[in-house]
Amino acid sequence: LTVSSGCATGPELSKKDLKAIEEEIETLASERYVEHWARTWRVGYRVLKALPKDELGNKVGIGALIDDNSERIAQAFEFSTEDGCVVIAVGEGGPAELAGLKPGDIIKTINGEEIKSRGDIEFKKGKPVQMVVEREGKEAAFTMTPEEIPHLRIRLKETDKVNAFAKWTGIEFTSGMLGFVENDDELAVIMGHEIAHI
């Protein structure tokens, strides 16, 4: 009996090639994370809108997931900068979608006030919002009226473990759970279960 072992080898990669591969992997990981985060939020928005008002306390918003730009977000949306505040997702049928906001819009001003971070944003019930965004290098203006819906923080934890859980601060899903569920309806059922704990 003869046993042999070995591994296939290919051409050596230069440091430049390795760096390019690492950057591509990082970009793909960022895109996937932002995609999962947006999906979780969109399903959560749908579930929260279906709940009776005042069930969890209400919050005024425009039906958009907005966050400070970061290296990950900039990579996912292929921005050249990490400045500003970005629309990550818009909820189906919400004020943001009806007004025409899109994921990847960078918020410049709200009611004439410059927006540098998510902390600069506050919406008031029934008070119309005039928002100027940068989209593909051009400015666009939108007007919408915020809505009030039940509020609960919905988070995404980056891990391959398949899990979801409720905490006093809200509910959390793992990125592994998003790979496990077959569709958004299954994700919504799990959200409903976790909300019931709260």
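Residues numbered from 1 in each chain as written. Predicted model: local features only at pLDDT ≥ 70, side-chain atom pairs only at ≥ 80, totals over all residues. Heavy atoms only, no water.

Caption draft 1: Geometry of the overall build of the protein. Along its length, the protein carries five helices and eleven strands. For the protein, whose C-alpha radius of gyration is 21 Å, the value lies well above the compact-globule estimate of 16 Å for 198 residues. Across its three principal axes, the protein shows a C-alpha extent of roughly 80 × 45 × 25 Å. Classification of the 198 residues of the protein by burial places 38% in the buried group. Sequence-distant contacts in the protein: of pairs separated by 6 or more residues, those separated by 24 or more amount to 55%. In the structure as shown, the protein presents an accessible area of about 12400 Å², 48% of it carried by carbon and sulfur atoms. (Helix = DSSP H or I, 4+ residues; strand = E, 2+ residues; numbered from the N terminus. Rg over C-alpha atoms; globule rule 2.2 N^0.38 Å. Buried < 20%, exposed > 50% of the residue type's maximum accessible area, 1.4 Å probe, protein only. Contact = heavy atoms within 4.5 Å. Areas by Shrake-Rupley, 256 points an atom, 1.4 Å probe, with all protein chains shown as cover.)

Caption draft 2: Unusual backbone geometry, seen in detail. One non-glycine residue, E78, adopts positive backbone phi at about 60 degrees. Secondary-structure assignment places E78 in the loop between α2 (71-77) and β3 (85-90).

Caption draft 3: Here's a closer look at the packing of helix α1 (residues 15-50) against helix α5 (residues 184-197). The N-to-C vectors of α1 and α5 enclose an angle of 60 degrees; their axes lie 10 Å apart at closest approach. Where α1 crosses over α5, the two elements pack in a sense that is right-handed. On α5, the residues touching R39, T40, V43, G44, R46, V47 and L48 of α1 are D184, D185, L187, A188, M191 and I195. A breakdown of the residues in the contact of α1 with α5 according to their chemical character gives seven nonpolar, two polar and four charged. (Axes fitted to C-alpha atoms, helices over the stretch in contact; angles between N-to-C directions. Left-handed = near helix turned anticlockwise from the far one by under 90°. Nonpolar A, V, L, I, M, F, W, Y, C, P; charged D, E, K, R; others polar.)

Caption draft 4: Region of the structure containing a negative patch on the surface. Taken together, the side chains of E22, E26, E71, E82 and D83 define an acidic patch exposed on the protein surface. Here E71 lies in helix α2. With a relative accessible area of 45%, E71 lands in the partly exposed category. (Patch = residues over 30% accessible without salt bridge, like charges linked within 9 Å, V, L, I, M, F, W, Y side chains within 5 Å. Salt bridge = Lys/Arg side-chain N within 4 Å of Asp/Glu carboxyl O. Lys, Arg positive; Asp, Glu negative; His and termini not counted. Charge placed at Lys NZ, Arg CZ, Asp CG, Glu CD.)

Caption draft 5: Examining the packing of aromatic side chains more closely. Per the counting criterion, the structure on display carries three aromatic pairs. Centre to centre, the rings of Y33 and W37 are 6.1 Å apart; their planes meet at 35 degrees, and the pair counts as tilted. Of this pair, Y33 and W37 both sit in helix α1, four residues apart, roughly one helical turn. The same class applies to Y33 and to W37, which are both buried. Here the aromatic rings of W41 and Y45 are separated by 5.2 Å at their centres, their planes lie at 20 degrees, and the arrangement is stacked. (Phe/Tyr/Trp six-rings, centres within 6.5 Å; stacked < 30°, edge-to-face > 60°.)

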